[in-house]
Amino acid sequence: MGSAASISLSHPDSDKILSRATRELERLENIFSLYRDHSTLAQLNRNGVIDAPPFEFLECLGLCGTINRASTGLFDPTVQSLWQLYAQSYSQGQAPLSASIQETFSRTGWDKVLIDQNRVAFKQPNMAMTLNGIAQGYVADRIATLLRNDGLTDVLINTGEFAALGGHPEGKDWPVSIDTGSGIEKDKVMLRDRALATSLPNGTFFDQAGLVGHILDPRTGKPAPARRHSVSVTAPKAALADGLSTAICLMNKEEADQLLGQFPSAKMV
């Protein structure tokens, strides 16, 4: 996840409020970022264990576990070591060897993560986790909570995923555009006290030819063919919408319907 975010609000103390929100965003980046060496996630990936993990890290992992179970394992943050293998191999102009894929694949699986309030640890060496499929939504929720506690309403938060507190100050719902994978559909969704997340199965490719997508199937360890150009989900919380949209990238319609049936407050748009 990156640190870019936007918040739309009108308030006499907006500068002070935005400053607090920016500090909170920075604090959360230092928990969830894959790319900051000192972040909680980076330390877990480097050392295989984190003692006394932050509450936010545990809360996000708890939701990961819920979506992992509901999706029968298709939402699996432990594919990061596979992602690194594919990225490194294709950066050198070739696909990874089958033996390398199988060896790395053996080091994935949500059941290989030990989580309790005092410790998060991998059960095998050289595992790695990514929270890119849920953390942007989680951060949007945390910023929303901060602003709500400041007494704000009618705010739209964009951390890459969207969270709306109330509606637009003009009295309507917040209009949000969606990247469909082939273009931007302007004002596709109207939000009020609700969140929206969009995943693009073909948003990134490992190879220069644009044939090998970045979505990895946790069942096989291999890139999954895109079933849709994009997946957008609305839910009361952005983290839930984010995680569900990530999982649905790997699902057919029946599987997606079964998953969403377990979360009646969420829906595809």
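Structure's up top.
Conventions used here
- Residues numbered from 1 in each chain as written.
- Predicted model: local features only at pLDDT ≥ 70, side-chain atom pairs only at ≥ 80, totals over all residues.
- Heavy atoms only, no water.
- Phe/Tyr/Trp six-rings, centres within 6.5 Å; stacked < 30°, edge-to-face > 60°.
- Helix = DSSP H or I, 4+ residues; strand = E, 2+ residues; numbered from the N terminus.
- Buried < 20%, exposed > 50% of the residue type's maximum accessible area, 1.4 Å probe, protein only.
- Core = buried A, V, L, I, M, F, W, Y, C linked by side-chain atoms within 4.5 Å.
- Contact = heavy atoms within 4.5 Å.
- Axes fitted to C-alpha atoms, helices over the stretch in contact; angles between N-to-C directions.
- Parallel < 35°, antiparallel > 145°, perpendicular 65-115°, else oblique.
- Nonpolar A, V, L, I, M, F, W, Y, C, P; charged D, E, K, R; others polar.
- Pairing = 2+ DSSP bridges.
- Polar contact = N/O pair within 3.5 Å; in protein donor to acceptor, adjacent residues only side chain to side chain.

Novice: Got a minute to help me understand the packing of aromatic side chains in this structure?
Specialist: Taken as a whole, this structure holds five aromatic pairs when the rule is applied. A ring pair is formed by Tyr90 and Phe206, whose centres lie 6.4 Å apart and whose planes are at 15 degrees; its orientation type is stacked. With Tyr90 in helix H4 (residues 80-91) and Phe206 in the loop between strand E9 (195-199) and strand E10 (216-217), this pair connects stretches of sequence that are 116 residues apart. Residue Phe206 is classed as buried on the basis of its relative accessible area of 11%. Feature note: the residues Trp83, Tyr86, Tyr90 and Phe206 constitute an aromatic cluster, connected by ring pairs.

Novice: Where do I start with the nonpolar core in this structure?
Specialist: Where a protein is soluble and globular, its nonpolar side chains tend to be buried together. Phe32, Phe57, Met129, Leu131, Leu147 and Leu244 are the most contacted members of the largest nonpolar core, which has 62 residues in total. In terms of residues, this core owes the most to one element, helix H6 (residues 135-149), which gives eight residues. Apart from the residues within four sequence positions on either side, Met129 is in contact with Leu34, Leu41, Leu44, Asn45, Leu61, Pro77, Thr78, Gln80, Trp110, Val113 and Phe122. Listed in part, the nine residues of the second largest apolar core include Trp174, Val176, Ile178 and Leu191.

Novice: Looking at this structure, how should I read unusual backbone geometry?
Specialist: One can expect most non-glycine residues to show negative phi and most peptide bonds to be in trans. Despite not being glycine, Asn126 shows a phi value in the positive range, around 65 degrees. Inspection of the secondary structure assignment puts Asn126 in the loop between strand E4 (119-122) and H6. Owing to a relative accessible area of 62%, Asn126 belongs among the exposed residues under this scheme.

Novice: What am I meant to see in the packing of H6 against helix H7 (residues 238-248) here?
Specialist: For any two helices packed against each other, one specifies the inter-axial angle together with the distance between the axes. The N-to-C vectors of H6 and H7 enclose an angle of 170 degrees; their axes lie 7 Å apart at closest approach. By the angle between their axes, H6 is roughly antiparallel relative to H7. Residues Ala135, Gln136, Gly137, Tyr138, Ala140 and Asp141 of H6 pack against Ala238, Ala239 and Asp242 of H7. For the contact of H6 with H7, the class distribution of residues is five nonpolar, two polar and two charged.

Novice: Hey, could you run me through the pairing of strand E7 (residues 174-179) in this one?
Specialist: The side chains of a regular strand alternate between the sheet's two faces. Of the two faces of E7, only the one carrying Trp174, Val176 and Ile178 is buried; Pro175, Ser177 and Asp179 on the other face are not. The sheet contact formed by E7 and strand E8 (residues 184-191) spans five bridges and is antiparallel. Bridge pairing links Val176 to Val189 in E8. If you look at the hairpin formed by E7 and E8, you'll find four residues sitting between the two strands, and Gly181 has a positive phi there, around 95 degrees.

Novice: Looking at this structure, I do not really get the side chain of Arg36. What am I missing?
Specialist: Mapped onto the elements, Arg36 comes out in the loop between helix H1 (14-32) and helix H2 (40-47). The buried category is assigned to Arg36, whose relative accessible area is 19%. Engagement of the side chain of Arg36 in a polar contact is seen with the side chain of Glu26, the distance being 2.9 Å.

Novice: So what exactly am I meant to see when it comes to H2 here?
Specialist: For H2, the full list of buried residues reads Thr40, Leu41, Ala42, Leu44 and Asn45. As for H2, its buried residues are in contact with H1, strand E2 (49-51), helix H3 (55-70) and E4. Immediately beyond the C-terminal end of H2, within one or two residues, lies Gly48, with a positive phi of roughly 80 degrees.

Novice: Can you walk me through the sheet that holds E4 in this structure?
Specialist: Strand pairing within a sheet occurs via backbone hydrogen bonds; the two strands may be parallel or antiparallel. Strands sit in the order E2-E4-E3 across an open sheet of three strands; the sheet is antiparallel. Across the chains shown, the open sheet's two edge strands, defined by having one partner strand only, are E2 and strand E3 (113-116). Ignoring strand direction, the axes of neighbouring strands in this sheet form an average angle of 5 degrees. Sheet analysis places E3 next to E4, joined by four bridges and oriented antiparallel. In the strand pairing of E4, Ile115 is matched with Val120. Here H2 sits on the sheet and contacts E2 and E4; the angle it forms with E2, its principal contact strand, is near 130 degrees.

Novice: Is there a simple way to think about the pairing of E9 in this case?
Specialist: Of all the five residues making up E9, four are buried; the element is thus mostly covered by neighbouring parts of the structure. As judged from the two bridges shared by strand E6 (residues 162-165) and E9, these two strands associate in the antiparallel manner. Within the sheet, the bridge partner assigned to Phe162 lies in E9 and is Leu196.

Taken by themselves, the reported measurements are silent on function.
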